[in-house]
Amino acid sequence: MIVNDKRALAHIEEIMSLSPIEGADRIEVAQVLGWKVVVKKGEFQVGDKIVYIEIDSRVPADNPHFSFLQDRKYKVKTIKLRGQISQGLIVPLDVLPRANYNIGDDVTDILGVTKIEDVSLKKEIDTKEVRLQQSHKKLAKRKWFKYMMRFSWFRELAYKFLLPKKKKSGWPTQFAGVKITDEERVENMPWVLNDKRPFVVSCKIDGTSTTVIVDHTKRKEEVYVYSRHVRQFRDSQNFHDSTGTDNVYWQVVDKYNLLDFLRAVIDKYNLKWAAIQGETAGVSNGGAKIQGDPHKFGELRFFGFNLIFSDRGRLDSVEAAEIAKEYNVEWVPIVEENFILPDTMEEFKAQADGLCEAPGASGLREGYVYRLREDPNFSFKNISQKYLLKNDSY
């Protein structure tokens with residue numbers, strides 16, 4: 001759930017309904033918002049105020065309330081019990097230090113819940129040791145230096161006197177409409193099914209979020225390349241392979257000529273700046289499989305999903321796809337241009353299951369993203385339960 005533009009992994013909700021599971025005497029299904037969660041029979045009642053912890057989360061190992069998750073490495077994932085899909089974790093309010101909370105309150109930080117990070121592609125790291133190795137490559141290879149780095153006092157001296165100053169890497173807030181890409185799940189907003197206005201439906205690609213901005217506001221052009229949260233510079237803050245140089249974000253910028261693409265649209269549409277956001281997927285130039293390359297692309301791919309202009313904000317997906325096509329920039333597959341949402345969550349969730357529509361893809365799609373035709377800033381995602389069950393390998 002998105003609360004105050006921040007992903008809430010644990011939030012206060014209430015039990016909306018409880019249903020039996022055929023053939024199960026000790027467990028039942030609880031509904032929270034649009035989520036179905038298997039719980040112990042009799043532990044909760046309809047109307048109970050509880051803590052709901054979303055899938056793709058990790059709970060703290062030092063909290064005794066979560067000891068039962070030790071065998072699962074304290075990870076909350078999509079699972080199937082007695083034929084019933086269960087997504088998330090429901091725990092009573094006594095896991096919290098106090099009880100006076102309101103529905104919708106974000107308790108992620110209070111509980112110490114964190115997001116499970118991707119382990120198939122090496123993590124986005126900027127540790128002191130890596131930065132030191134990158135800035136002093138010859139020195140870092142010397143035997144005496146490697147030996148001395150075993151001692152904490154020497155490491156502290158090396159970091160103090162040898163590390164280059166870090167470049168500013170926070171998210172750029174000066175570009176209206178360019179936001180961190182984290183679509184809300186439909187289960188957290190079941191009321192949206194009452195909205196019968198047309199939506200654009202696009203296939204969701206499983207990869208790593210990428211944002212590229214070219215700014216002509218000042219005399220000197222400024223270029224910004226971002227992962228989901230961190231600015232990527234060509235000389236530091238890389239996604240690392242064994243050589244320490246495998247930056248997939250700059251690789252797709254170069255492969256798809258994204259800087260030239262943005263410069264061209266700035267000139268054509270007389271803009272101050274322009275941005276493209278998309279999903280980087282497949283396999284990096286250094287051989288790292290992004291998210292395990294679940295779509296079996298076998299090569300580095302980029303799929304745009306947002307095109308943002310300084311004077312108009314986020315463009316309609318159909319128009320954006322047409323503009324990108326002019327410059328040979330690949331776009332996420334658009335499967336419906338005027339889709340009307342169904343009436344029930346069960347029908348809607350079933351629509352997310354199926355094969356990935358991206359050219360060259362193999363296997364299941366991750367799901368669909370829905371953008372309102374009359375307001376492309378309003379969007380959400382419908383993740384396939386079948387995909388989660390098959391690919392949830394965190």
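Residues numbered from 1 in each chain as written. Predicted model: local features only at pLDDT ≥ 70, side-chain atom pairs only at ≥ 80, totals over all residues. Heavy atoms only, no water.

J.: Could you clarify how one ought to interpret the overall build of the protein in this entry?
T.: Assigned secondary structure in the protein consists of ten helices and 22 strands. Radius of gyration (C-alpha) of the protein: 23 Å, near the 21 Å computed for a compact globule of 394 residues. Expressed as lengths along the three principal axes of its C-alpha atoms, the size of the protein is roughly 65 × 55 × 40 Å. Sorting the 394 residues of the protein into buried and exposed places 52% on the buried side. Of the roughly 19,900 Å² of accessible surface on the protein, 49% is carried by carbon and sulfur atoms. Distance between charge centres in the protein, computed from 61 positive and 57 negative side chains, equals 9 Å. (Helix = DSSP H or I, 4+ residues; strand = E, 2+ residues; numbered from the N terminus. Rg over C-alpha atoms; globule rule 2.2 N^0.38 Å. Buried < 20%, exposed > 50% of the residue type's maximum accessible area, 1.4 Å probe, protein only. Areas by Shrake-Rupley, 256 points an atom, 1.4 Å probe, with all protein chains shown as cover. Lys, Arg positive; Asp, Glu negative; His and termini not counted. Charge placed at Lys NZ, Arg CZ, Asp CG, Glu CD.)

J.: How do you make sense of unusual backbone geometry when you look at a structure like this?
T.: Here Lys 73, not a glycine, exhibits a phi torsion of approximately 60°, which is positive. Relative to the helices and strands, Lys 73 is located in the loop between strand 8 (57–58) and strand 9 (75–76). Classification of Lys 73 as exposed rests on a relative accessible area of 57%.

J.: Would you take a moment to explain the pattern of salt bridges for this structure?
T.: It is possible for side chains bearing opposite charge to pair when their charged atoms get close. What the rule picks out here adds up to 19 salt bridges. Across the pair Glu 183 and Arg 371 runs a salt bridge whose closest N-O atoms are separated by 3.3 Å. Remark: Arg 371 occurs in strand 21 (residues 367–372) and Glu 183 occurs in the loop between helix 5 (152–162) and strand 14 (199–204); sequence separation between them is 188 residues. Arg 371 matches Glu 183 in its accessibility class, with the two residues each being buried. Of the charged contacts in the structure, one is a salt bridge between Arg 365 and Glu 357, with a shortest N-O distance of 2.9 Å. Using a relative accessible area of 7% as the deciding quantity, one classes Arg 365 as buried. The partly exposed category is assigned to Glu 357, whose relative accessible area is 29%. Overlapping salt bridges bring together Arg 7, Glu 54 and Asp 182 as one network. (Salt bridge = Lys/Arg side-chain N within 4 Å of Asp/Glu carboxyl O.)

J.: Where do I start with the confidence of the model for the protein in this structure?
T.: Detail in the predicted coordinates should be disregarded across regions flagged by low pLDDT. Across the protein, the average pLDDT comes to 88, with 90% of residues at 70 or higher. With pLDDT under 50 throughout, residues 235–244 is counted as low confidence; its partners more than four residues away or in other chains account for 40 contacts. (pLDDT = per-residue confidence, 0-100. Contact = heavy atoms within 4.5 Å.)

J.: Mind showing me how you'd approach the side chain of Arg 371 here?
T.: According to the relative accessible area criterion, Arg 371 is buried, its value standing at 4%. Within the structure, the side chain of Arg 371 is placed 3.2 Å from the side chain of Asn 306, a separation counted as a polar contact. Here Arg 371 is in contact with Glu 183, Pro 198, Phe 199, Val 200, Phe 305, Asn 306, Arg 314, Ser 317, Pro 376, Phe 378 and Ser 379, once residues within four sequence places are set aside. (Polar contact = N/O pair within 3.5 Å; in protein donor to acceptor, adjacent residues only side chain to side chain.)

J.: Explain the pairing of strand 21 to me, please; I cannot follow it from the model alone.
T.: The two faces of a sheet get side chains in turn, since along a regular strand they alternate between them. Counting buried positions along strand 21 gives six out of six residues, so the element sits mostly inside the fold. Note: strand 21 against strand 22 (residues 375–383), six bridges, orientation antiparallel. Bridging across to strand 22, Arg 371 finds its partner in Ser 379. Counted between consecutive antiparallel strands, the loop separating strand 21 from strand 22 contains two residues. (Pairing = 2+ DSSP bridges.)

J.: Could you clarify how one ought to interpret helix 7 (residues 258–268) in this entry?
T.: The complete set of buried residues in helix 7 reads Leu 258, Leu 259, Phe 261, Leu 262, Val 265 and Ile 266. Down the axis, helix 7 shows its buried residues gathered within 160° of arc, on one side only. Phi turns positive, to about 55°, at Asn 270, one or two residues after helix 7. (Arc of directions from axis to C-beta.)

J.: Where do I start with the packing of aromatic side chains in this structure?
T.: Here the distance between the centres and the angle between the planes together describe a pair of aromatic rings. In this structure the tally under the stated criterion is 20 aromatic pairs. Between Tyr 256 and Phe 302, the aromatic rings sit 6.0 Å apart at their centres with planes inclined by 55°, giving tilted as the arrangement. Separated by 46 residues along the polypeptide, Tyr 256 in the loop between helix 6 (248–255) and helix 7 and Phe 302 in strand 18 (residues 300–309) bring together distant segments of the chain. Pair check on accessibility: Tyr 256 and Phe 302 agree, each one buried. One aromatic cluster is present, formed by Phe 199, Phe 339, Phe 348, Tyr 368, Tyr 370, Phe 378 and Phe 380 through successive ring pairs. For the cation-ring pair, Arg 301 lies above Phe 297, with the distance from its terminal atom to the ring centre recorded as 4.6 Å. (Phe/Tyr/Trp six-rings, centres within 6.5 Å; stacked < 30°, edge-to-face > 60°. Lys NZ or Arg CZ within 6 Å of the ring centre and 35° of its normal.)

J.: I keep staring at helix 6 and nothing clicks. Help me out?
T.: Owing to its 3.6 residues per turn, the α-helix aligns residues three or four sequence positions apart on the same side. Burial within helix 6 is extensive, with six of its eight residues counted as buried. Those residues of helix 6 that sit buried are Val 248, Tyr 249, Trp 250, Gln 251, Val 252 and Val 253. Buried residues along helix 6 sit in contact with strand 15 (208–215), strand 16 (222–226), helix 7, strand 17 (273–282) and strand 18. Positive backbone phi, at 50°, marks Asn 257, one or two positions downstream of helix 6.

J.: Just checking my understanding: could you explain the sheet that holds strand 15 for this structure?
T.: Strands belonging to one sheet form pairs held by backbone hydrogen bonds; the direction of such a pair is parallel or antiparallel. If you walk across this open sheet you meet the five strands as 16-15-17-18-19, and the pairing is antiparallel. Here the strands that pair on one side only, and so sit at the sheet edges, are strand 16 and strand 19 (313–314). Sheet topology places strand 15 next to strand 16; five bridges connect them, and they run antiparallel. Paired with Ile 213 across the two strands is Tyr 224, which belongs to strand 16. Strands in contact with helix 7 are strand 15, strand 16, strand 17 and strand 18; relative to strand 15, the strand with the most contacts, it is inclined by about 45°. (Axes fitted to C-alpha atoms, helices over the stretch in contact; angles between N-to-C directions.)

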